[in-house]
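Descriptive analysis of the structure
Below are the chains, spelled out letter by letter.
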There are 2 protein chains.
Amino acid sequence: MSNKIRIAIAGYGNLGRGVESALARSPDMELVGVFTRRDPGKLVLQNSQVPVHSMDQISNFVNSVDVLILCGGSKADLPEQGPELAKLFNTVDSFDTHAKVPDYFAAVDASARAGQRVCVIAVGWDPGLFSINRLYGEAILPEGATYTFWGKGLSQGHSDAIRRIPGVAGAVQYTIPSPEAIEKVRSGSRPALSTREKHMRECFVVLEAGADANLVREAIVTMPDYFADYDTTVNFISAHDLARDHAEMPHGGFVIRSGTTGTSSTQIMEFGLKLHSNPEFTSSVLVAYARAAYRLKQQGDVGAKSVFDIAPGLLSPKGAAELRKELL
Amino acid sequence: MSNKIRIAIAGYGNLGRGVESALARSPDMELVGVFTRRDPGKLVLQNSQVPVHSMDQISNFVNSVDVLILCGGSKADLPEQGPELAKLFNTVDSFDTHAKVPDYFAAVDASARAGQRVCVIAVGWDPGLFSINRLYGEAILPEGATYTFWGKGLSQGHSDAIRRIPGVAGAVQYTIPSPEAIEKVRSGSRPALSTREKHMRECFVVLEAGADANLVREAIVTMPDYFADYDTTVNFISAHDLARDHAEMPHGGFVIRSGTTGTSSTQIMEFGLKLHSNPEFTSSVLVAYARAAYRLKQQGDVGAKSVFDIAPGLLSPKGAAELRKELL
């Protein structure tokens, strides 16, 4: 019998596939199954030989899964799945609707306590690693300001918003942080930056036959919340070029804390990510936190957790003495 | 009676003064005293009205100090003070002799357990925040390489080494990371870099009257361990210019993890610091970890800890729900 941490995946989209890949690089863990709401017989896994089950059967696997990684979306899937599955499994998820975090945490926490499980919510890079860096920045440099920049990266939400405009056959949207704004922040000058000064938005749009480009452009750049407050560039391209040049999902960004110590010493802390694949990176973070969830449960802990509650050492397969010797 | 965390400082050099400043920005903590091996009557504090005591008297203060921040050096002070004071106080220190961390941890741990105390060792930025970022990088991107660059910054150890050369009246040494090496790493190419390719060393030296500049230069650039493996520039300047231009203690650097996910996606994580005052920043980190030490002790924990054992949330004065709402 293996001593590996037994991981299952709930939901096999981009994130689920990323978790499958990340597990293949984690010798202390093994994928034991995938759960889907689709027809399990028709789901083809990338490179694993594990069984695929219907989500309806998941309660039969309570004793054969150490941690269930929830790979569904924050809008439709997690608000229901998270609290439901927290009764049965230790879980990790990437819930990312910032405004709803308190309610979601409370719901998952109640279930996790009832089921004596450890459930880590809102794991990934933002929320996730960026959140941790915002916290470190503020705790270490209490006098200062924190700046978060996103991009250059593909925003799924903004791309979807464009696709819903009549006349649009396809679209992607890139969020681009302003290099000037970043340089100002890095200089320690602690500028007040408007939304427009921090990020630009660049759109690549495929029109339906006969659609009016000017109307579509106008609908995009004036869209409240999504585009109206930004400088937005709209490029019309062919379906062929969209498929050829914009199929990848890069992303990234920066969290910068600019603070003062002593009488007037400027101190800058910066954390940045440059991601070739946003979902694969998020999945890699999920897998590391699955290890932590397992260990916390082994230690007798229960309840919902955020990344703020997880000591760094719990993420590594190495033991504490090894970590101190090699990485401290 | 105040509910603030009562902090005392052991050792009043650059770090001790930095802790004093950082505490003034931490409304949940208060400085209650400074301990010194010098004559307490002659020690003038920067801006605090707290009593100064002799280190010999420190055992009388066991019940009036929640956390003692050890501000001595890693060579002469901490190896003895750390284990000794861990019997009496919750402590935080900036022990930074990498090779001796396992022994030091073991000695402090034994004392802390005997005295039922929480003692956090090796806190600061390297070891410290850089260590945490090395760990996050390796745990999240197991296939990859980690690069640590230091500088541009003043290295106290290298400056001291130059000052010991006959004919040298004064000196500072700056460690400068190679911009080309950093760019290669950021590109995701994962280069193998020699010591010489990663950092350069720049020295500003004041000669004693009659000293031979060429002999001094030769003694510096050929010095084993310190300079022989690097491209080293030696500039001779006047005592006046040394005092005017090189009195500050800037430092910083980068930890970069370059990894692969999926089949071939390059992912780059980078943490960087640009510090106007190295000791003031280290002190600020010490103060945040003093808060964590206090909380761990309140929770019933005991023993030596490293930064790897401390959940991020413990560093912040804010509560868990507030952190999730504001920073997650």
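Residues numbered from 1 in each chain as written. Chains lettered and ligands numbered in written order. Predicted model: local features only at pLDDT ≥ 70, side-chain atom pairs only at ≥ 80, totals over all residues. Heavy atoms only, no water.

We now examine the overall build of chain A. For chain A, the helix and strand inventory stands at eleven helices and 14 strands. Compactness check: chain A gives a C-alpha radius of gyration of 22 Å against a globular reference of 20 Å for 328 residues, within 12% of the reference. In terms of overall dimensions, chain A has C-alpha extents of about 65 × 60 × 35 Å along its principal axes. For chain A, buried positions account for 58% of its 328 residues. Within chain A, counting contacts between residues at least 6 apart in sequence, those at least 24 apart form 69% of the total. Summed over all atoms, the accessible surface of chain A reaches about 13,600 Å², with 50% contributed by carbon and sulfur. For chain A, the distance from the average site of its 33 positive side-chain charges to the average site of its 36 negative ones is 5 Å. (Helix = DSSP H or I, 4+ residues; strand = E, 2+ residues; numbered from the N terminus. Rg over C-alpha atoms; globule rule 2.2 N^0.38 Å. Buried < 20%, exposed > 50% of the residue type's maximum accessible area, 1.4 Å probe, protein only. Contact = heavy atoms within 4.5 Å. Areas by Shrake-Rupley, 256 points an atom, 1.4 Å probe, with all protein chains shown as cover. Lys, Arg positive; Asp, Glu negative; His and termini not counted. Charge placed at Lys NZ, Arg CZ, Asp CG, Glu CD.)

Let us look at the nonpolar core. Residues L68(A), F281(A), Y289(A), L68(B), F281(B) and Y289(B) are the most contacted members of the largest nonpolar core, which totals 157 residues. Ignoring anything within four residues of it in the chain, the contact list for Y289(B) reads Y136(A), V92(B), V120(B), V123(B), I132(B), V307(B), I310(B) and L315(B). (Core = buried A, V, L, I, M, F, W, Y, C linked by side-chain atoms within 4.5 Å.)

Listed as interface residues are 64 residues of chain A and, on the opposing side, 64 residues of chain B. In total, chain A and chain B occlude about 5,500 Å² of area from one another, counting both sides; carbon and sulfur atoms represent 61% of this. Looking only at chain A, the three residues that lose the most surface to chain B are R25(A), R324(A) and L328(A), adding up to 15% of its buried area. Joining chain A to chain B, the criterion identifies four salt bridges. In this structure, the salt-bridge partner of K318(B) is E138(A), at a minimum N-O distance of 2.8 Å. (Buried area = accessible area lost by both parts, 1.4 Å probe. Salt bridge = Lys/Arg side-chain N within 4 Å of Asp/Glu carboxyl O.)

Once that is clear, we can look at the relation of the copies chain A and chain B. Superposing chain A onto chain B requires a rotation of 180° together with a translation of 0.0 Å along the rotation axis, leaving an RMSD of 0.0 Å. In symmetry terms, the pair is related by a two-fold rotation axis. For chain A, the minimum C-alpha distance to the rotation axis belongs to A311(A) and amounts to 1.9 Å. (Least-squares fit on C-alpha atoms with pLDDT ≥ 70 in both.)

A few words now on the sheet that holds strand β10 (residues 199–207) of chain A. All names here are of chain A. In space, the four strands of this open sheet follow the order β8-β9-β10-β11, with mixed pairing throughout. Bordering the open sheet on either side are β8 (153–154) and β11 (231–236), each of which pairs with just one other strand. In the sheet, β8 pairs with strand β9 (residues 168–177) via two bridges, with the strands oriented antiparallel. What sits directly across from L154, in β9, is Y174. (Pairing = 2+ DSSP bridges.)

All names here are of chain B. One open sheet holds the four strands; their spatial order is β8-β9-β10-β11, and the pairing between them is mixed. Edge strands, defined here as strands with exactly one partner in the open sheet, are β8 (153–154) and β11 (231–236). Relative to the sheet, helix α5 (residues 156–163) contacts β8, β9 (168–177) and β10 (199–207), its axis offset from that of β9 by approximately 145°. Contacting β9, β10 and β11, helix α8 (residues 213–221) crosses the sheet at an angle of about 150° to β11. (Axes fitted to C-alpha atoms, helices over the stretch in contact; angles between N-to-C directions.)

Let us now look at helix α1 (residues 14–24) of chain B. Buried residues dominate α1(B), accounting for eight of its eleven residues. Taken together, the buried positions of α1(B) are L15(B), G16(B), G18(B), V19(B), E20(B), S21(B), A22(B) and L23(B).

The next thing to look at is the pairing of strand β12 (residues 251–261) of chain A. All names here are of chain A. The buried fraction of β12 is high, at ten of eleven residues. Sheet analysis places strand β7 (residues 144–150) next to β12, joined by seven bridges and oriented antiparallel. In the sheet register, G144 faces β12, and the bridge partner there is G259. Of the strand pairs in this sheet, β12 and strand β13 (residues 265–275) are connected by eleven bridges, and their pairing is antiparallel. By the bridge assignment for β13, I256 is matched with E270.

Right, let's talk about the packing of aromatic side chains for a bit. Each pair of aromatic rings is reported with the distance of its centres and the angle of its planes. Scanning the entire structure with this criterion turns up ten aromatic pairs over all chains. Ring geometry for Y174(A) versus F204(A): centroids 5.8 Å apart, planes at 75°, classification edge-to-face. Of this pair, Y174(A) sits in strand β9 while F204(A) sits in strand β10; the two residues are 30 residues apart in sequence, bridging distant segments of the chain. Considered together, Y174(A) and F204(A) belong to a single accessibility category, that of buried residues. Here a set of aromatic residues connected by ring pairs shows up, and it is made of W125(A), F130(A) and F271(A). Note that K152(A) overlies the ring of Y174(A), its terminal NZ or CZ placed 5.1 Å from the centroid. Its end group placed over the ring of F105(B), R324(A) keeps NZ or CZ at 3.3 Å from the ring centre. (Phe/Tyr/Trp six-rings, centres within 6.5 Å; stacked < 30°, edge-to-face > 60°. Lys NZ or Arg CZ within 6 Å of the ring centre and 35° of its normal.)

On to the pattern of salt bridges, then. A complete count under the given rule lists 32 salt bridges over all chains for this structure. The partner of R196(A) in a salt bridge is D231(A), with the nearest N and O atoms 2.8 Å apart. Placement of R196(A) in helix α7 (residues 195–198) and of D231(A) in strand β11 is noted, with a sequence separation of 35 residues between them. For D231(A), a relative accessible area of 41% corresponds to the partly exposed category. Of the charged contacts, one joins D241(A) and R244(A) as a salt bridge, the two residues approaching to 3.5 Å between their closest N and O atoms. Linking D241(A) with R244(A), this pair stays in helix α9 (residues 239–245), spanning three residues, or about one helical turn. For R244(A), a relative accessible area of 53% corresponds to the exposed category. The network of salt bridges with shared partners includes E138(A), K318(B) and E326(B).

Turning our eyes to something else, we now look at the confidence of the model for chain A. In the predicted model, chain A carries a mean pLDDT of 97, and 99% of its residues have values of at least 70. For this predicted complex, the interface confidence comes out at an ipTM of 0.96, alongside a pTM of 0.96. (pLDDT = per-residue confidence, 0-100.)

On to unusual backbone geometry, then. Residues and elements named next belong to chain A. Here the residue pair D126 and P127 is connected by a cis peptide bond, since its omega of 5° sits within 30 degrees of zero. Along the chain, P127 turns up in the loop between β6 (118–120) and α4 (129–140). The phi dihedral of Q116 is positive, around 60°, even though this residue is not glycine. Note that Q116 resides in the loop between α3 (101–115) and β6.

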